[in-house]
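# Structural characterization, general
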Amino acid sequence: MNAEGRGPAAVVGVVVRSVSGGAGGLFVAVSEDVERAVVGGHSRRLPAPARMLGSVTHAILLHAASPVAVVPPAGAEE
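In this report, the structure presented in the accompanying data block is examined. (Residues numbered from 1 in each chain as written. Predicted model: local features only at pLDDT ≥ 70, side-chain atom pairs only at ≥ 80, totals over all residues. Heavy atoms only, no water.)

## A few points about the overall build of the chain
- Looking only at helices and strands, one finds two helices and two strands in the chain.
- Mapped from its N terminus to its C terminus, the chain presents α and β elements in the order α-β-α-β.
- Here the chain holds 78 residues, and 13% of them are scored as buried.
- Of the contacts formed within the chain by residues at least 6 apart in sequence, a portion of 59% connects residues at least 24 apart.
- Carbon together with sulfur atoms contributes 58% to the accessible area of the chain, which is approximately 6300 Å² in total. (Helix = DSSP H or I, 4+ residues; strand = E, 2+ residues; numbered from the N terminus. Buried < 20%, exposed > 50% of the residue type's maximum accessible area, 1.4 Å probe, protein only. Contact = heavy atoms within 4.5 Å. Areas by Shrake-Rupley, 256 points an atom, 1.4 Å probe, with all protein chains shown as cover.)

Structure follows, in structure tokens:
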């Protein structure tokens, strides 16, 4: 089932690469070769108004060539 509980789930291809370098810049470079990108967010233990993205996720969102989805960690509060 898909996320809405209707129909079959989409088939998603996954590419795994091992590279050396700065995470943000490398991810942005790779984003030129993909239809969409998904990154995992991490939990910052700050009150709601002060929650921020990490520097790598922020760089990816600003500079990626493809659409980006940030997935919050399991159990993350809104």
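The structure having been displayed, the exposition proceeds.
## Concerning a nonpolar patch on the surface
- A grouping of Val 12, Val 14 and Val 16 is seen on the molecular surface, where their side chains present a nonpolar patch of about 360 Å² in accessible area.
- Examined against the element boundaries, Val 14 turns out to sit in the segment before helix H1 (23–30). (Patch = residues over 30% accessible without salt bridge, like charges linked within 9 Å, V, L, I, M, F, W, Y side chains within 5 Å. Salt bridge = Lys/Arg side-chain N within 4 Å of Asp/Glu carboxyl O.)

## Overview of the pattern of salt bridges
- In the structure shown here, the tally under the stated rule is one salt bridge.
- Across the pair Glu 35 and Arg 36 runs a salt bridge whose closest N-O atoms are separated by 3.8 Å. Each member of the pair, Glu 35 as well as Arg 36, is classed as exposed.

## Considering the environment of Met 52
- The topology assignment puts Met 52 in the loop between strand E1 (37–40) and helix H2 (55–63).
- Residues Met 52 and His 42, 10 residues apart in the sequence, show an inter-C-alpha distance of 9.8 Å.

## With respect to the side chain of Ser 31
- Structurally, Ser 31 can be placed in the loop between H1 and E1.
- Its relative accessible area of 2% is what places Ser 31 among the buried residues.
- Dropping the residues within four chain positions of it, Ser 31 is found in contact with Ala 64, Ala 65 and Ser 66.

## Observations regarding the environment of His 42
- Within the secondary structure layout, His 42 lies in the loop between E1 and H2.
- Between the C-alpha atom of His 42 and that of Leu 53, which follows or precedes it by 11 residues, the distance is 8.1 Å.
- Sequence-distant contacts of His 42, defined by excluding residues within four places in its chain, comprise Gly 54 and Pro 73.

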